[in-house]
Structure formats: structure tokens, C-alpha cells
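Coordinate analysis (summary)
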Amino acid sequence: MPNLCCGIVGLPNVGKSTLFNALLKKAAAAAANYPFCTIDPNVGVVDLDDPRLMELSQLSKSQKIIPASVTFVDIAGLVAGASKGEGLGNKFLANIRETDAILHVVRCFENDDVIHVAGKVDPVSDIEVIQLELILADLQMAENMLHKMERQGKGKKELDATLGCLKKGIAHLNENKPLRTFEDPENILSKYPFLTLKKVIYVANVSEGDLPGMENAHVQAVRAYAAKENSGVVSICAKLEEELAQLTPEEAQEYLQALGLQETGLNRLIKEAFRALGLINFITTGEIETRAWTIREGTGAQEAAGEIHTDLQKGFIRAEVVHFQDMIQYQGRVGAREAGKARSEGKDYVVKDGDVILFFHN
């Protein structure tokens, strides 16, 4: 699958561009203290920090390491009325449509020097402003679809289920509820590009004064809101992430430990995005390269082989699977084979995160 794409949204001045600068490890978005400093969506590809690859590459004496990556799109600041084209509304909504998941940055810090678009810090109210715009955009699309289908579908029994589901979906949206909380057992609406069906991760942006716990009353309010729709929350301090991005990996690690933190907020964010979308990584390793490949959970070995090359999928014979821990413990594939830790698996074997796989094919 192509790499995961996350759209970063949020009201003006919540720390979106600061976060994006940190993601790109350079000031790619002009983080300025006024709305609309980000006009075109900035796009950045960020590697997932995966220590397993370094360990395996040392065993295999690989010439290069290719980690899994995530594309982040910094989407221009949204204002109320975007669904009617206010601000940069239509462009904004089109940009969100192309992403796999939404990272919704919410301001959870007080600072008199940073103006808030609504004049006060209220993260749940901020979430609802954007949520409403996405709901209104979906409502417009659903109603257009309904009128079109009703015209085309007179007497077509096969459209009855879709029409019924659309009508219920419209009623749900009219209650100001996103479609991700709509019960749709047959996944009828998932075929259509509704914005509120996308997975959302709320990014609670806290101040440096909230380190290392990153909890405060605002964050708790966001957690309570997210729990109602079964969405994830990651607390980060965008200012800290921007500082860490200027350091070498060794310096960043020392700085984190001094603050009592295990890993960067960005890495936690990427992991949460993978978890929310049900994505995992399997690994291939050899002298040429050690590489992580991203697949959906539940993918079979033959389909996973197709991520590397369609020829591998077509000519699939078997997969030799050694889990990462066993590769390290037994010092590579040969040692793992001798210890009986290398398994020969067929095309329907369900690949697990951290499987180190060698594919055999015609």
C-alpha cells in the first residue's frame, strides 16, 4: 500500500504549523502568530523511527535502511463557514478528502501572547467548530447523492438498501453527529468519500509547563469528548517537538530523558495513526537493504509479498517467517533455523507486526 497519509487540521493559532515544522525538521510552514499563514497544503514525508531496523541491518550488514513512512499534509487553517466556502473552505475540504486519517490539533494551553481565534481557550468548542464544518460538507454530499439516486433508482430494488442507509445517515448528521459514530453494519456508506467517516486522532497541544505528564483540565476535556466517538488522543508539546527537531538524534534522546520522557510526541503520534488505521509493518533484511513494509492487519503472506513486487505475489511458493525477537536472539536467519524458530508458511498465513520474512517464488 502507498504510505499512510494524515491531514493536520485545526483552527488558526493552535500550534498546527509549529507541529508541522517539527515534523519536517525544518521551518517548511511559516509559523506566524496570525491566521492563514499556511495557504497551500504543505506536504512532508516523515520516517517512522523503528529501532528494529538498525539491529537487523547490523546482523545482515545491509547497505541501507528503508523505514516505513507517513505523509503529513498541513491543511490551511479552517474557520467557521468553510463548508459554504468561507476562508479557504472548498480547497480545505478537498485536501482532507485525500487523506487516510485526520490529526486534529487542539490548543490545550493558556498563553496571553498567542491570540486565540475565538478569544478564549476552549478545546471542545474548537473541536466542534471543525466537526460542524465537516458534518455540513457531508450533509450536502449525502443529500445530493440521495436526490440523484432517487431519480435514477425508481423501481431498482438493488438501490433500496443504499437509499435507506443514506436517509438514516442524513438524520444522524442532522443531529450534529459524525458518520464514524453511525451504525452501518453492512458498511454501505464506507464506499463513499465522507469526511466524517475518517479516523480522527485528537492532538492535545500542551505548554512546556505541562511536561512531563502532559495532562491538564483541557486535555481531560478532549479525552472525554474523544471517548464518546472512540477516537484516540495524543498529548504533545509542539514547542518541545520543534526544539527536538533541531537536535541530533543523540542530543534529542538526552534532552527527552532529562525531561523524564521516553520518546518524542511525533513518534507517539505516528504509532497512534498506525494503530487507528489497523496498519502494521513486516520486515525484509539482507545485504542490499533492511526495509519495513506497511500492510493492513489481517493481510495474508501472498498479498504481503505483492507489496514488494507483483511477481512475488503471482509466483508465491512459501514464506519463511522468523519473528524479530528470534532474529536477534539467534543472531540471524541461519541461527533461527537451527533453533527451529524459522517457520515455513503458506499463502494464507496472517502476517504479524515484526515478522522478518523471506519469500520463495517461481
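To start, this report covers the structure provided alongside it. Source: prediction; values computed, not measured. (Residues numbered from 1 in each chain as written. Predicted model: local features only at pLDDT ≥ 70, side-chain atom pairs only at ≥ 80, totals over all residues. Heavy atoms only, no water.)

Some words on the sheet that holds strand β5 (residues 101-107)
Here six strands make up an open sheet; going across it, the order is β2-β4-β1-β5-β6-β7 and the pairing mixed. Where the open sheet ends on each side, the last strands, each with one partner, are β2 (42-47) and β7 (232-236). Ignoring strand direction, the axes of neighbouring strands in this sheet form an average angle of 25 degrees. For strand β6 (residues 199-205) and β7, the ladder comprises five bridges, and the chain directions are parallel. Bridged to Y202 within β7 is V233. Taken strand by strand, helix α9 (residues 265-276) contacts β1 (4-9), β2, β4 (69-74), β5, β6 and β7, and its axis lies near 175 degrees from that of β7. (Pairing = 2+ DSSP bridges. Helix = DSSP H or I, 4+ residues; strand = E, 2+ residues; numbered from the N terminus. Axes fitted to C-alpha atoms, helices over the stretch in contact; angles between N-to-C directions. Contact = heavy atoms within 4.5 Å.)

Points about the nonpolar core
Across soluble globular proteins, nonpolar side chains show a tendency to be buried alongside one another. Formed by 74 residues in total, the largest nonpolar core has its most connected members in L19, F72 and Y202. It is α9 that contributes the most residues to this core, six residues altogether. I135, M141, A142 and L163 belong to the second-largest nonpolar core, a separate cluster that totals 18 residues. (Core = buried A, V, L, I, M, F, W, Y, C linked by side-chain atoms within 4.5 Å. Buried < 20%, exposed > 50% of the residue type's maximum accessible area, 1.4 Å probe, protein only.)

A short note on the packing of helix α4 (residues 123-152) against helix α5 (residues 160-174)
With their axes 10 Å apart at the nearest point, α4 and α5 run at an angle of 150 degrees to one another. What the angle tells us is that α4 and α5 run roughly antiparallel. Once α4 is placed against α5, the crossing between them reads as left-handed. Residue-level inspection shows I135, D138, L139, A142, E143, M145, L146, M149 and E150 of α4 in contact with α5, the latter providing T162, L163, L166, K167, I170, L173 and N174. For the contact of α4 with α5, a count of residues per class yields ten nonpolar, two polar and four charged. (Parallel < 35°, antiparallel > 145°, perpendicular 65-115°, else oblique. Left-handed = near helix turned anticlockwise from the far one by under 90°. Nonpolar A, V, L, I, M, F, W, Y, C, P; charged D, E, K, R; others polar.)

A closer look at the side chain of T99
Turning to its location among the elements, T99 is positioned in the loop between α3 (89-97) and β5. Taking relative accessible area as the criterion, T99 reaches 5% and is therefore assigned buried. Look past the residues within four positions of T99 in its chain and what remains in contact with it is C5, C6, G7, V73 and K198.

What about the environment of I317?
Relative to the helices and strands, I317 resides in strand β10 (residues 316-323). With a relative accessible area of 47%, I317 lands in the partly exposed category. Separated by 45 residues in sequence, I317 and N362 place their C-alpha atoms 6.9 Å apart.

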